[in-house]
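Commentary on secondary and tertiary structure
Spelled out from the first residue to the last, the chains are:
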Amino acid sequence: QVQLVESGGGLVQAGGSLRLSCAASGRTFSSVAMGWFRQAPGKEREFVAGISWSGGSTYYADSVKGRFTISRDNAKNTVYLQMNSLKPEDTAVYYCAAYQHTMVIRTTGGVDYWGKGTLVTVSS
C-alpha cells in the first residue's frame, strides 16, 4: 500500500508560479514511476506530468510542456511539480499518482494509487 499526501496548492495570479509536493510512504518509492494529474470543475481527470523511477525520463501533457517541471527526490520520498507561467485554465484539483511499476501511463486507469488532491486556483 502507498500513501500520498499533496501540498503546495493555493491561489495565484495568472503568470505566477507554484510548487506542488507529494510525500509518499508505504513501500519502495524509489522503484516506481510517479505522476501528476488534474481535474477541473466539470471535466475529467487528465494527465499532467510523469517521471520514471530514477527521474531520468519525464513526460508532459502538451498543455503544460515548457511551463511545468516534474522532479523527484528519492531520498525524501517526494515528487514535485513546479508550475510557472500559470494560466486561468490551469485551475484544477491536482492529484499525485503512483504506479506499481516503472512505467508512466497517461490514463487514469493505469494509476495504482492516488492522493487526495490539492486545489490550484489561477485568477485572471
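Below you will find a few notes about this structure. (Residues numbered from 1 in each chain as written. Predicted model: local features only at pLDDT ≥ 70, side-chain atom pairs only at ≥ 80, totals over all residues. Heavy atoms only, no water.)

Turning our eyes to something else, we now look at the state of the cysteines. Enumeration according to the criterion identifies one disulfide in this entry. Here Cys-22 is linked by a disulfide to Cys-96, with a sulfur-sulfur distance of 2.1 Å. In this structure, the disulfide formed by Cys-22 and Cys-96 twists by about -85 degrees around the S-S bond and is classed as left-handed. With a gap of 74 residues between them, Cys-22 in strand 3 (residues 18–25) and Cys-96 in strand 9 (residues 92–98) connect regions that are remote in the sequence. In this structure Cys-22 comes out as buried when scored by relative accessible area, which is 0%. Note on Cys-96: relative accessible area 0%, which makes it buried. (Disulfide = S-S within 2.5 Å. Helix = DSSP H or I, 4+ residues; strand = E, 2+ residues; numbered from the N terminus. Buried < 20%, exposed > 50% of the residue type's maximum accessible area, 1.4 Å probe, protein only.)

Turning our attention to the pairing of strand 8 (residues 78–83). A regular strand carries its side chains on alternate faces of the sheet. Among the six residues in strand 8, five count as buried, and that is most of the element. Sheet analysis places strand 3 next to strand 8, joined by six bridges and oriented antiparallel. Considered in strand 8, the bridge of Ala-23 is made with Thr-78. Where strand 7 (residues 68–73) and strand 8 come together, six bridges link them in antiparallel fashion. Bridging across to strand 8, Ile-70 finds its partner in Leu-81. As consecutive antiparallel partners, strand 7 and strand 8 are separated by four residues, and within that stretch Asn-77 has a phi angle of approximately 55 degrees, a positive value. (Pairing = 2+ DSSP bridges.)

By the definition in use, this model includes four salt bridges. Here Asp-90 ties to Arg-38 by a salt bridge, and the two come within 2.9 Å at their closest N and O atoms. One end of the pair, Asp-90, is in the loop between strand 8 and strand 9; the other, Arg-38, is in strand 4 (residues 34–39), with 52 residues separating them in the sequence. Residue classification places Arg-38 among the buried residues on the basis of a relative accessible area of 6%. Judged by its relative accessible area of 1%, Asp-90 falls in the buried class. (Salt bridge = Lys/Arg side-chain N within 4 Å of Asp/Glu carboxyl O.)

According to the stated counting rule, one finds three aromatic pairs in the structure shown. Ring centres 5.1 Å apart and planes at 75 degrees place the aromatic pair Phe-37 and Trp-114 in the edge-to-face group. Of this pair, Phe-37 sits in strand 4 while Trp-114 is found in strand 10 (residues 113–114), placing the two residues 77 residues apart along the sequence. You can call Phe-37 buried: its relative accessible area is 0%. When the ring of Tyr-95 is compared with that of Trp-114, the centres are 6.3 Å apart and the planes differ by 85 degrees; the resulting orientation is edge-to-face. Linking Tyr-95 in strand 9 with Trp-114 in strand 10, this pair joins segments that are 19 residues apart in sequence. Joined through ring pairs, the aromatic side chains of Phe-37, Phe-47, Tyr-95 and Trp-114 make up one cluster. Over the ring of Tyr-95 we find Arg-45; its NZ or CZ atom is 3.6 Å from the centre of that ring. (Phe/Tyr/Trp six-rings, centres within 6.5 Å; stacked < 30°, edge-to-face > 60°. Lys NZ or Arg CZ within 6 Å of the ring centre and 35° of its normal.)

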